[in-house]
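Chains, contacts and geometry: an overview
So you can see what is in the structure, the chains are spelled out below.
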Amino acid sequence: MTTPAPSAPSSSSQPPPEAPTTESIFNQETKKSQLTSVKACKMSQNALETLRGEEGPGNSVYLSERGNSIRLHEGILQEGYIQYGMDRHHDTDNPDGIINMGTSENKLCYDLLHKRLTKPDMLHINPSLLQYSDWRGHAFLREAVAKFLTHYCCSPNPLKADNVGIAFIIEIVCTVNAILIPTPFYGVITEDLHLYSDVKLFHVPLDCEADGKDNRPFRLTVGKLEEGLQRAKEEGLTIRGVILMNPHNPLAEIYSLKEMITFLEFAKRNALHAIVDEVYMLTVFDESVTFQSVLSADSLPDPQRTHVMWGMSKDFAMAGIRIGTLYTENRDLVEALAKLGSFHGVPGTTQHQVAQLLQDKEWINEEFLPENRRRLKAACSYMTGELLSMGIPFLDRPATLYVWADLRKYLQESSFEEELSLWKCFLRHKVLLSCGQAFCCSVPGWFRIVFADQQHHLQLDSFLDFPAHFNLGHQLC
């Protein structure tokens, strides 16, 4: 990251007689960042009105207040994907369509997946796959997931199939009052929780400027979690959990096992459920960097309140499969979630295919993972090279499918309205990115840029040339 040098203080300046303490200044700034983060999220949720104006749909007399809230709810990520869906780029059928660098999908390995998924062992049908099953998932799939996670999470002890749930995504786990979440964070969590359970997310803003300790912008610490919990209590909220993502979305930050354990110890001290999202755990493409799952720990601080999520969408480039998994030692929670499983069931034939895939270690270790990582590394190198050539700062992290880039220099003023204007300008130029307010970032001007696409698509992308013209007063918009 490149940051401007601080200006030198004037030799004639003197502190005021009643100068505020460092602690009071810090608390004021933290609260301001939290309010700014909430504002950013609200702007994201109201983006549809901004884009469609007064022509958008109104309330329906046939729906309840909650039904209308769900029907009309749209955010920037959803609206951007809708626009992309109506004008999707295709090399031959629609070469001038929108190129999607906003949705976190891996489009680099369809050939590898097609070859494996069309083998004879995938085409299995028997009566049990066509009938209702255990809503936790078929036993054969839960066994395959437990063995897969035991191996790839380096668990010191075999994980138990009875502790695995299939298709239990974050909105089902979070049926509690309020939850701490560091910002920025994966933006769709807001929509997931709002539409399902109306759970409140209490933001813990992370500072975009690198700290002096290890030069890590947006650094998460136990101290920041403690401060966030205290502010929530002062506002009368009862916090029941904390959401942790590793590797992180959208920062692509990889937290060490030591760091994660300190976060889990914080959760234990405060009797909080820790929901740990490790959906990118195998999407680390630098051989010198090692990801360590919390399931690799010899013991967890509070295993009954620690719940680990993983899925096929990122690590196996299969977002359309729609299978997520939950691992928890809390059998009561698994039983409770099973009651809701009928709303989130996965087809039996799909469960069979996924189980076959997860059990094929030879294909995973010798074909898919090495080639997937090689392609991701090349794509990331290409994109970050272009950003460097344009003088655009970004977080350089060897994981996930995207980079978190600082486009603040292209804003005419530091505001979320200006950030939204830049986002719309990119979209009108057939480039879909994800802006920071969609992730509740407390500072305007940050964008998530997905690089996991074919290089000729990245070369076609007008993003690579557009910013050079953007300082001309938005004249292109």
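Everything here concerns the structure above.
Computed from a prediction, not measured in an experiment: that's the story for all the values here.

Before going further, it helps to examine helix α10 (residues 257-269). The terminal C-alpha atoms of α10 lie 18 Å apart, and with 13 residues this matches the ideal 18 Å at 1.5 Å per residue to within 8%. Buried within α10 are the following residues: Leu 257, Glu 259, Met 260, Ile 261, Phe 263, Leu 264, Phe 266 and Ala 267. Buried-residue contacts for α10 involve β3 (178-183), α9 (222-234), β5 (239-245), β6 (273-277) and β7 (306-311). Just downstream of α10 lies Ala 271, where phi reads positive at about 55 degrees.

Here we take up the environment of Leu 220. Position of Leu 220 among the secondary structure elements: in the loop between β4 (200-205) and α9. In contact with Leu 220, not counting residues within four places along its chain, are Pro 182, Leu 206, Leu 225, Leu 244, Tyr 255 and Phe 263.

To continue, consider the pairing of β5. Taken across its 7 residues, β5 has 6 buried, putting it largely inside the fold. Inspection of the sheet shows β3 paired to β5 by 3 bridges, in the parallel sense. Counted as the bridge partner of Leu 180 is Val 242 from β5. In this structure, β5 lies alongside β6, joined through 5 bridges in parallel fashion.

This paragraph deals with the sheet that holds strand β2 (residues 164-166). Strands sit in the order β2-β8-β7-β6-β5-β3-β4 across an open sheet of 7 strands; the sheet is mixed. Both edges of this open sheet fall to β2 and β4, since each of them pairs with a single strand only. When the angles between neighbouring strand axes are averaged without regard to direction, this sheet yields 25 degrees.

As a further point, take a nonpolar patch on the surface. A contiguous nonpolar surface patch, about 400 Å² in accessible area, is contributed by Val 61, Tyr 62 and Leu 63. For Val 61, the location among the structural elements is in the loop between α2 (47-52) and α3 (65-72).

Moving on to the packing of α9 against α10. One way to put it is that α9 packs onto α10 with a least axis distance of 10 Å and a crossing angle of 25 degrees. Taken together, the axis directions place α9 and α10 in an arrangement best described as roughly parallel. Along this stretch, α9 crosses α10, giving a crossing that reads as right-handed. Residue-level inspection shows Val 222, Leu 225, Glu 226 and Leu 229 of α9 in contact with α10, the latter providing Thr 262, Phe 263, Phe 266 and Arg 269. Residue composition of the contact of α9 with α10, grouped by class: 5 nonpolar, 1 polar and 2 charged.

Here the focus is the packing of aromatic side chains. Inspection of the entire model under this criterion finds 16 aromatic pairs. Geometrically, the ring pair formed by Phe 218 and Trp 446 is edge-to-face, given 5.0 Å between the ring centres and 85 degrees between the ring planes. Of this pair, Phe 218 sits in the loop between β4 and α9 while Trp 446 sits in strand β12 (residues 446-450), and the two are 228 residues apart along the sequence. The pair formed by Phe 218 and Trp 446 is uniform in burial state, with each residue classed as buried. Centroid distance Trp 363 to Phe 368: 5.1 Å. Interplanar angle 25 degrees. Geometry classified as stacked. Across this residue pair, the class does not change: Trp 363 and Phe 368 are buried.

Before going further, it helps to examine unusual backbone geometry. In this structure, the amide linkage connecting Thr 183 to the following residue, Pro 184, adopts the cis form with an omega of 5 degrees. Residue position: Pro 184 is located in the loop between β3 and α8 (188-196). Of note, the amide linkage connecting Asn 249 to Pro 250 takes the cis form, showing an omega dihedral of 20 degrees. Mapped onto the fold, Pro 250 is located in the loop between β5 and α10. The backbone of Arg 322 sits at a positive phi, close to 60 degrees, despite the residue not being glycine. With respect to the helices and strands, Arg 322 occurs in the loop between β7 and β8 (324-328). Residue classification places Arg 322 among the exposed residues on the basis of a relative accessible area of 62%.

Cut-offs applied
- Residues numbered from 1 in each chain as written.
- Predicted model: local features only at pLDDT ≥ 70, side-chain atom pairs only at ≥ 80, totals over all residues.
- Heavy atoms only, no water.
- Helix = DSSP H or I, 4+ residues; strand = E, 2+ residues; numbered from the N terminus.
- Expected span 1.5 Å × (residues − 1).
- Buried < 20%, exposed > 50% of the residue type's maximum accessible area, 1.4 Å probe, protein only.
- Contact = heavy atoms within 4.5 Å.
- Pairing = 2+ DSSP bridges.
- Axes fitted to C-alpha atoms, helices over the stretch in contact; angles between N-to-C directions.
- Patch = residues over 30% accessible without salt bridge, like charges linked within 9 Å, V, L, I, M, F, W, Y side chains within 5 Å.
- Areas by Shrake-Rupley, 256 points an atom, 1.4 Å probe, with all protein chains shown as cover.
- Salt bridge = Lys/Arg side-chain N within 4 Å of Asp/Glu carboxyl O.
- Parallel < 35°, antiparallel > 145°, perpendicular 65-115°, else oblique.
- Left-handed = near helix turned anticlockwise from the far one by under 90°.
- Nonpolar A, V, L, I, M, F, W, Y, C, P; charged D, E, K, R; others polar.
- Phe/Tyr/Trp six-rings, centres within 6.5 Å; stacked < 30°, edge-to-face > 60°.

Purely geometric stuff here, so don't read any function into it on its own.
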